[in-house]
Amino acid sequence: MEKVKRFLIFEGISQYGALHVMMDKLEQYLKNNTHMEINRISTETDDIIPEFWKENYDYIFVVQAIWFENIINNKSIYEYMDTKILGWIVDPPYFHTKRIDSSGENMIIACVDEGDTYNVKKIYKKKAETLHLFGIEFDHKKRISDRKIEVFVPGSYYCVEEIDTQLQKSPDILKNLIQSVINKMIFDCNQTLTDAIRSVYKDEYDLEISTQQLYEFMTDFGRIIDKYYRNYLREKCVLSILANDINITVCGMGWDKFKEKNNITKNFEILDTNMSYLDVLKAISDSKVVLNVSPFFIEGIHDRVSNAMLNGAVSLSDRSGFLTENFNDREEILYYSWNRLDASIKSIKKYLSDDDKLQNIADRAYLKANDKLTVKEFSNNIKNIFENSF
């Protein structure tokens, strides 16, 4: 009789409530659709963490690559295990430099964007694969015409002026360098952070940045650039939508500051400042359109997009390589362009006044997302990595 394979899901404390819900779905799917023994350990919910590295598992899936950096006698604890370890990170690599640097021979980093996968391979010199985020269906059946929320914006907001205050504390040469990278990315939102850094070094300093310098720059300053750039574009997009007299409902922290700063008096509702992930899904299922602003997903897909599609809403999004390849504009998704944002929003406004057109887009998107963006596809991709990449 063939030995039953043992699969472990290991997760930790995370600021992203989505990850716990996703792991609930993954655990349930694997238990119902495979013959493996499925185990799950969480540093957040389990009072005592067993020394699992002393046990025998065939596959270990590590959310956010936690404990990759736990070193014993110059080796990661995972390297003591004679098994395959897949560390899935949902942030850009420079958020988890130490964990990636600690990845050993039996360990692979899985990124949610192919651009990040490329960077892990070329800059961090580690094995990497791509494992896109998936969506979760709450309820897709409510018709567009019956939904109460016109445009829903899930996600927090952080005031860029506060980020700029942090930047001003840096030495002038460093401050100017970081600001130049941010400005380069704002000017061309279709480039990666690494492209922008290289371009600034070449255009403004006539220097070729080395891989090691690129690694150090991203490790030291990637987070603050990410925070500024993402919130700058989120604010710009929401303001453009409001300027076109479109009703917006938001959730997440910081939107009260956005409202006060921009003197917003109409067409703007803050649903909640601290919604659970399941409540966000519930709100999406009552929304006609869900806005996605994810400029760092150059090649991937944010779960805001997949969740919108799987819950009967229309995704309004910037483009990425994955989205452009799989979803057609005005057929399964509505794209806006950063280079002509106001014109894009004006064009899209016509769809917001036509529930039938939105319904057609939502219906087509649901069918495609149900085939490409669910836990089933996610599980198949995990299987493929474990079987073919180690």
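Each remark here, short or long, concerns the structure printed above.
It should be emphasised that the depicted structure is a prediction, and the values quoted were computed from it without experimental measurement. (Residues numbered from 1 in each chain as written. Predicted model: local features only at pLDDT ≥ 70, side-chain atom pairs only at ≥ 80, totals over all residues. Heavy atoms only, no water.)

Engineer: Explain the pattern of salt bridges to me, and be specific about the residues and the numbers.
Structural biologist: All told, the structure shown has 21 salt bridges when counted by the stated rule. In this structure, Asp286 engages Lys142 in a salt bridge whose closest nitrogen and oxygen atoms are separated by 2.9 Å. Placement of Asp286 in the loop between α9 (277-284) and β12 (287-292) and of Lys142 in the loop between β8 (128-130) and β9 (149-154) is noted, with a sequence separation of 144 residues between them. With a relative accessible area of 30%, Lys142 lands in the partly exposed category. As a salt-bridge pair, Lys288 and Asp355 come within 3.2 Å of each other at their nearest N and O atoms. With Lys288 in strand β12 and Asp355 in helix α13 (residues 355-372), the pair connects residues that are 67 residues apart, well separated along the chain. Taken together, the salt bridges that share partners define one network made up of Glu11, Asp24, Glu27, Lys31 and Arg40. (Salt bridge = Lys/Arg side-chain N within 4 Å of Asp/Glu carboxyl O. Helix = DSSP H or I, 4+ residues; strand = E, 2+ residues; numbered from the N terminus. Buried < 20%, exposed > 50% of the residue type's maximum accessible area, 1.4 Å probe, protein only.)

Engineer: Now, about unusual backbone geometry: what can you tell me, with residues and values included?
Structural biologist: Its identity is not glycine, yet Ala65 carries a phi of approximately 55 degrees, on the positive side. Examined against the element boundaries, Ala65 turns out to sit in the loop between β3 (59-63) and β4 (71-72). The backbone of Arg330 sits at a positive phi, close to 70 degrees, despite the residue not being glycine. Along the chain, Arg330 falls in the loop between α11 (321-326) and β14 (334-335). Its relative accessible area of 24% is what places Arg330 among the partly exposed residues.

Engineer: Account for the pairing of strand β13 (residues 314-317), with residues named and values stated.
Structural biologist: Burial along β13 is two-sided: the residues Val314 and Leu316 and Ser315 and Ser317 are all buried. Bridge count for β12 against β13 is four bridges, and the pairing is parallel. Its bridge partner being in β13, Val289 is matched across the sheet by Val314. With respect to chirality, the unit in which β12 leads through helix α10 (residues 303-310) into the neighbouring parallel β13 is right-handed. Both β13 and β14 contribute to a ladder of two bridges, which runs parallel. The residue bridging Ser317 from the neighbouring strand is Tyr335, located in β14. Crossover handedness for the path β13 to α11 to β14: right-handed. (Pairing = 2+ DSSP bridges. Right-handed = clockwise from strand over helix to strand, strands pointing away.)

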